[in-house]
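Survey of secondary and tertiary structure
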Amino acid sequence: MIRILYFSGTGEFHTDVTPEALAGLLQDESGLLWLDLREEPAEVCMPILRDTFNFHPLAIDDALEESHVPKIDDWGAYLYMVLHAVNYNPQDNDITTLELDIFVGSHYLVTHQTTPLSAVDRVWTLCQRDERHLRQGVAHLLYQLADELVSDYMPAVDDIDVTIDEIEDRVFGNPAPDILEQIFGLKRALLTLRRIIAPQREVLNKLGRGDYAVIPAAYSVFFRDVYDHLVRLYDIVDSLRDLVGGTLDTYLSVVSNRMNGVMKTLTMITTVFMPISFLAGFFGMNFFQPFVALPAWTGRTAFVALLLLMVLLPGGMYLWMRKRDRT
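This write-up is about the structure you can find in this document.

**What to know about the overall build of the protein**
Scanning the protein from N- to C-terminus turns up eleven helices and seven strands. A compact globule built from 327 residues would reach a C-alpha radius of gyration of about 20 Å, whereas the protein, at 36 Å, exceeds it by more than 25%. The dimensions of the protein, computed from C-alpha atoms along their principal axes, are 125 × 40 × 30 Å. Burial status across the protein gives 42% buried among its 327 residues. Here the contacts in the protein between residues at least 6 apart in sequence split such that 65% fall between residues at least 24 apart. Put simply, the protein shows about 17600 Å² of open surface, and 57% of that area lies on carbon and sulfur atoms. Charged side chains of the protein number 26 positive and 44 negative; the gap between the two group centres comes to 17 Å.

Here you go:
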């Protein structure tokens, strides 16, 4: 889908612009043009970016053919930027990043998205409802896009935080083996977030310093505000990583303690029944009677005494071990 917003220098607002009219509209530097290439194949986008906007072939290849971490390239008359949105699935603790390629000129903005981004749709709808956002220029649109993209990070971080709390409760209640898989899934998700937020933070930091000709210095404070949000997000992600690491240590400790309890119980059972096994084995030997006359060993009295001993001995040993355990 090719979407075009055009706000002329005379205050006219148009949404019915065709791609063929782009070259003429670009000549009006007093207007503002936003072209959004959404899920369009490369063979459709290439002529527009190359012939109409005269972007550098390397920048076009980066936008259409390659996937990058967030970055910003200064091509003099325009900027090429890569920003990322995130999509978190709490069911399998999987987080995916969605790339947004942006070309920023003095009076135009070109966005390219291979997967629809809700942040772009929100800014697009906002501009249609209120033309004042277009009157403030390209830098304002870029700020709105960056701010909306970063705002979408927080719900994902909140969901991860809630998932960590749930896992912590399960670790103490019922440390099932599937918890370990969830913990490692969270570690991967947080690592992905950290790997994306760090370079995106640097992109906003560069925009906030006002080093680019197409970004007015007055808008540096807006980009610094988004940069501050990313700094806080980065710190939160680091804290969540520490929580996940602590949860993993807790899980291993709980499992180890439960295993120690099981081993203690088995050891106690083995110790209690060991004398019985000895007595049964000793009196079960069949070489006394044939060679030596020992009727007392096979009489009723010895049988009853042995039964009493086998019944009372485990109980006595259990009470003795309990008493030693208390002391």
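**Description of the pattern of salt bridges**
When charged atoms on two side chains of opposite charge get close, those side chains can pair. Throughout the structure, instances matching the rule amount to eleven salt bridges. A salt bridge links Asp-36 to Arg-3; its shortest N-O distance comes to 2.7 Å. Placement of the pair is Asp-36 in strand β3 (residues 32-38) and Arg-3 in strand β1 (residues 2-7), with a sequence separation of 33 residues. Comparing Asp-36 with Arg-3 shows no difference in burial state: the two are buried. One salt bridge connects Arg-122 with Glu-148, and the closest N-O pair in it is separated by 2.8 Å. Remark: Glu-148 occurs in helix α6 (residues 138-151) and Arg-122 occurs in helix α4 (residues 118-129); sequence separation between them is 26 residues.

**Some remarks on unusual backbone geometry**
You will see that Glu-39, though not glycine, has its phi angle at about 55°, which is positive. Within the secondary structure layout, Glu-39 lies in the loop between β3 and α2 (42-52). For Asn-54, which is not a glycine, the phi torsion comes out positive at approximately 60°. As for its position among the elements, Asn-54 is in the loop between α2 and α3 (57-64). Judged by relative accessible area, Asn-54 falls into the exposed class, the value being 56%.

**What about the nonpolar core?**
Soluble globular proteins tend to pack their nonpolar side chains together in the buried interior. In terms of nonpolar packing, the biggest core is built from 67 residues, with Trp-34, Val-104, Leu-193, Leu-207 and Ile-215 touching the most fellow members. At twelve residues, the largest contribution of residues to this core is made by helix α8 (residues 177-208).

**A few points about the sheet that holds strand β2 (residues 13-14)**
Each strand in a sheet pairs with another by means of backbone hydrogen bonds, the pair being arranged parallel or else antiparallel. Taken in spatial order, the seven strands make up an open sheet running β2-β1-β3-β7-β6-β5-β4, and their pairing is mixed. The two strands at the open ends of the sheet, each matched to only one other strand, are β2 and β4 (71-74). Sheet topology places strand β6 (residues 94-104) next to strand β7 (residues 108-113); five bridges connect them, and they run antiparallel. The residue bridging Ile-102 from the neighbouring strand is Thr-111, located in β7. Across the face of the sheet, α2 comes into contact with β1, β3, β6 and β7 while running at roughly 155° to β3.

**Things to note about the environment of Pro-216**
Along the polypeptide, Pro-216 turns up in the loop between α8 and α9 (220-283). For Pro-216, a relative accessible area of 39% puts it in the partly exposed group. Once the C-alpha coordinates of Pro-216 and Trp-320 are considered, the two residues, 104 residues apart in sequence, prove to be 84 Å apart.

**Description of the layout of surface pockets**
In this model, the second largest pocket occupies a volume close to 200 Å³. Gly-31, Leu-32, Arg-135, Gly-137 and Val-138 are, among the 18 residues lining the second largest pocket, the residues nearest its centre. Of all the secondary-structure elements, those providing two or more residues to the lining of the second largest pocket are α5 (132-135) and α6. For the lining of the second largest pocket, the class distribution of residues is seven nonpolar, nine polar and two charged.

**A word on the packing of α2 against α3**
Think of two packed helices as two axes; the pair is described by the angle between the axes and how far apart they sit. In the contact formed by α2 and α3, the axes pass within 11 Å of each other and the chain directions differ by 150°. One element, α2, and the other, α3, form an angle in the roughly antiparallel class. Crossing hand, α2 versus α3: right-handed. Residues Ala-42, Cys-45, Met-46, Leu-49 and Arg-50 of α2 form the contact with α3, whose own contacting residues are Ile-60, Asp-61 and Leu-64. Residues that form the contact of α2 with α3 fall into these classes: six nonpolar, no polar and two charged.

**Details of the environment of Ala-213**
Structurally, Ala-213 can be placed in the loop between α8 and α9. Each C-alpha atom of the pair Ala-213 and Leu-79 lies 9.3 Å from the other, and the pair is 134 residues apart in sequence.

**A closer look at the environment of Ala-198**
Its location among the elements puts Ala-198 in helix α8. With 13 residues separating them in the primary sequence, Ala-198 and Asp-211 have C-alpha atoms 20 Å apart.

Analysis parameters
Residues numbered from 1 in each chain as written. Predicted model: local features only at pLDDT ≥ 70, side-chain atom pairs only at ≥ 80, totals over all residues. Heavy atoms only, no water. Helix = DSSP H or I, 4+ residues; strand = E, 2+ residues; numbered from the N terminus. Rg over C-alpha atoms; globule rule 2.2 N^0.38 Å. Buried < 20%, exposed > 50% of the residue type's maximum accessible area, 1.4 Å probe, protein only. Contact = heavy atoms within 4.5 Å. Areas by Shrake-Rupley, 256 points an atom, 1.4 Å probe, with all protein chains shown as cover. Lys, Arg positive; Asp, Glu negative; His and termini not counted. Charge placed at Lys NZ, Arg CZ, Asp CG, Glu CD. Salt bridge = Lys/Arg side-chain N within 4 Å of Asp/Glu carboxyl O. Core = buried A, V, L, I, M, F, W, Y, C linked by side-chain atoms within 4.5 Å. Pairing = 2+ DSSP bridges. Axes fitted to C-alpha atoms, helices over the stretch in contact; angles between N-to-C directions. 1 Å grid on protein atoms, 1.4 Å probe; cavity = no way out; pocket = protein on both sides within 12 Å on 5 of 7 lines; lining within 4 Å. Points joined across faces, edges and corners; volume = space filled by probe spheres on them. Nonpolar A, V, L, I, M, F, W, Y, C, P; charged D, E, K, R; others polar. Parallel < 35°, antiparallel > 145°, perpendicular 65-115°, else oblique. Left-handed = near helix turned anticlockwise from the far one by under 90°.

Worth remembering: the numbers are spatial, not functional.
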